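# Structural features, examined
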Amino acid sequence: MAYASHIINHSKKLRNAPNFLRHEHTILVRWFSNNAQPSIGKRDEIWKIHRHGYVPSETETVTRSAANGTISMFGIQKRNPIAGLAFNQGFSSSQVYMKRGFSSNSGLPPHQELGMPSLSPTMTEGNVARWLKKEGDKVSPGEVLCEIETDKATVEMECMEEGYLAKIVHGDGAKEIKVGEVIAITVEEEEDIAKFKDYKPSASDAEAGAVEGSSAPATPKKEVVEEPISSPEPKTSKPTAASPAEDRVFSSPLARKLAEEHNVPLSSIKGTGPNATIVKADIEEYLASHGKEVSAAPPTAKAATPAALDYTDIPHSQIRKITASRLLFSKQTIPHYYLTVDTCVDKLMDLRSQLNSLQETTGGKRISVNDLVIKAAALALRKVPQCNSSWTDDYIRQYRNVNINVAVQTDNGLFVPVIKDADKKGLSKIGEDVKQLAQKARENSLKPEDYEGGTFTVSNLGGPFGIKQFCAIINPPQAGILAVGSAEKRVVPSSGPEQFKFSSFMPVTLSCDHRVIDGAIGAEWLKAFKGYIENPESMLL
């Protein structure tokens with residue numbers, strides 16, 4: 001403990017450690033050298049996040065530094081996109097990896113190693129979009145160091161301590177950096193910057209965020225190579241014809257073919273098969289003894305080589321890899337089933353026209369059909385709460401909040417920003433939120449709070465693309481997703497005999513997780529949704 005006290009006194013920043021602990025989302029992690037005794041155990045409670053609707057498990061971080069003991073405190077700040085004020089707020093299931101190092105052997109001064117942060121539950125690696133600070137710059141708490149591209153969005157990484165940016169380990173555009181891997185070094189004194197010019201993180205630093213493996217590596221097992229058992233050559237029945245002449249050479253069909261391909265004279269080979277018949281093994285032995293390989297010899301008749309295809313390899317973006325992984329996981333682990341119903345949208349279109357007329361007179365934004373669909377889906381979830389649930393191994397979690405994710409296609413990939421409490425918002429507010437989030441998705445500037453916490457998803461390919469009907473893949477851990485097709489006019493019977501009229505129908509398909517939503521429950525939800533679409537005035541009550 002005397003050594004740890006010396007370390008704390010060595011740094012003027014660590015003397016103010018109690019001030020850091022007053023922040024709500026600060027993590028304290030201690031590293032001890034190999035010959036020092038830790039003052040906290042692996043079972044000590046280090047950090048617990050309390051957020052509305054989500055309480056994650058304890059996060060315990062006790063690692064061992066490759067050099068001497070270190071202590072670090074770290075956090076991450078986010079900008080309020082509305083008010084423009086900086087405030088501390090921990091991301092759900094997020095960790096930021098920073099470490100203060102004191103090395104006596106390497107000759108390096110006191111410094112901090114900034115690691116790739118974990119900014120979402122599914123993030124295992126990230127990319128450095130760009131650095132806003134360069135090497136040698138002075139940094140202060142709250143200043144943005146760089147922009148990190150996660151699996152869902154681009155997030156600003158801010159400095160938590162005053163100092164100087166001594167070394168950028170991974171520059172602009174660096175890709176596939178593992179969580180916890182060192183990306184930069186900061187120091188307290190400006191004269192220490194030059195000492196990190198040729199700095200390279202050690203292997204142990206690159207794996208700082210990983211769980212420490214077993215102390216003794218397992219001895220690799222020796223592979224036992226079994227000698228292949230040569231199968232006996234099939235015996236060839238002796239021909240009943242007259243005995244062959246002395247100059248006749250007997251060979252199997254496979255041996256003759258192999259000899260022809262490699263221009264091997266059969267007369268120069270002594271057969272080892274029955275009655276001195278030349279077999280395949282004799283040809284291969286001959287080729288081996290003459291320094292030829294069977295596979296290397298060109299065939300007698302070359303097949304026509306097809307023309308090479310012209311193509312371009314497009315590297316996977318981070319969002320594309322995560323989307324592929326999650327959708328594959330959904331299809332492989334969730335038992336999907338699908339329910340489709342046609343909804344008459346004549347009254348819905350009339351109500352939309354009336355509401356847009358009012359919006360134009362008051363200077364408001366127009367309301368889309370998708371806004372009405374989101375509102376109807378949210379009210380149907382409130383009416384049939386079994387569909388507003390998710391599956392876990394121990395229980396089915398039924399949510400009290402109705403948060404609707406909306407699928408948005410961009411040049412960077414597919415995003416699903418969330419409309420919080422859609423059942424309690426008016427149509428004008430829903431439309432405003434959808435437009436704002438869709439714009440942020442296209443600009444790749446969504447924050448974690450813009451897409452996390454959804455309980456149900458709506459995907460509309462009808463209005464923008466004219467797709468008549470499709471089946472969407474469930475967005476885990478949700479239990480349902482609604483696929484909306486395009487409306488089309490149809491001829492339907494009228495009240496009188498030999499009378500008919502035209503009506504517009506919009507098909508919708510509900511994809512359900514059968515572990516959570518039984519068929520009758522899914523049908524009940526569709527019935528409620530159809531009721532709100534065909535009688536839209538009820539949504540305003």
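Details of the structure are given in the entry above.
Quick summary incoming for the structure in this document. (Residues numbered from 1 in each chain as written. Predicted model: local features only at pLDDT ≥ 70, side-chain atom pairs only at ≥ 80, totals over all residues. Heavy atoms only, no water.)

### Description of the pattern of salt bridges
- This model, assessed by the stated rule, comprises 19 salt bridges.
- The closest approach of N and O atoms between R366 and E360, which form a salt bridge, is 2.9 Å.
- The exposure class of R366 is partly exposed, given its relative accessible area of 44%.
- Looking at E360, the relative accessible area reads 53%, which means it is exposed.
- Ionic pairing is found between D423 and R382, a salt bridge with its closest N-O pair at 3.7 Å. Of this pair, D423 sits in the loop between β20 (418–419) and α9 (427–442) while R382 sits in helix α8 (residues 369–383), and the two are 41 residues apart along the sequence.
- Through salt bridges that share partners, E125, E176, K178 and K321 make up one connected network. (Salt bridge = Lys/Arg side-chain N within 4 Å of Asp/Glu carboxyl O. Buried < 20%, exposed > 50% of the residue type's maximum accessible area, 1.4 Å probe, protein only. Helix = DSSP H or I, 4+ residues; strand = E, 2+ residues; numbered from the N terminus.)

### Topic: the sheet that holds strand β12 (residues 177–178)
- Taking strand neighbours across the sheet as the criterion, the four strands line up as β10-β9-β7-β12 in an open arrangement whose pairing is antiparallel. Looking at the sheet topology across the chains shown, the edges are occupied by β10 (154–158) and β12.
- In the sheet, strand β7 (residues 125–131) pairs with β12 via two bridges, with the strands oriented antiparallel. Residue E125 lies in a different strand from β12, and its bridge partner there is K178. (Pairing = 2+ DSSP bridges.)

### A closer look at helix α4 (residues 253–261)
- Here α4 has its buried residues at A255, L258 and A259. Buried residues in α4, looked at end-on, bunch into an arc of 100°, giving them a common side. Of the residues in α4, the exposed ones pointing more than 90 degrees away from the buried face are P253, K257 and E260.
- Among the structural elements, α5 (280–289) are those in contact with the buried residues of α4.
- Phi turns positive, to about 55°, at N263, one or two residues after α4. (Arc of directions from axis to C-beta. Contact = heavy atoms within 4.5 Å.)

### What about helix α12 (residues 519–534)?
- In this model, α12 (16 residues) spans 22 Å end to end at C-alpha, consistent with the 22 Å of a helix rising 1.5 Å per residue.
- Taken as a whole, α12 has its buried residues at I521, G522, W525, L526, A528, F529, Y532 and I533. The buried side chains of α12 occupy one side of the element, clustering within an arc of 160° when seen end-on. Exposed and facing more than 90 degrees away from the buried side of α12 are A520 and K527.
- Check the buried side of α12 and you find it contacts β14 (336–344), α7 (346–362), α8, β21 (456–460), β22 (480–484) and β24 (500–513). (Expected span 1.5 Å × (residues − 1).)

### Here we look at unusual backbone geometry
- Here the bond from P476 into P477 is cis, since omega is 10°, no more than 30 degrees from zero.
- On the secondary structure map, P477 appears in the loop between α11 (462–465) and β22.
- The backbone of E176 shows a phi angle near 55°, a positive value even though the residue is not glycine.
- The residue E176 is located in the loop between β11 (163–168) and β12 in this model.
- The phi dihedral of N263 is positive, around 55°, even though this residue is not glycine.
- Along the chain, N263 falls in the loop between α4 and α5.

None of this, on its own, says anything about what the molecule does.
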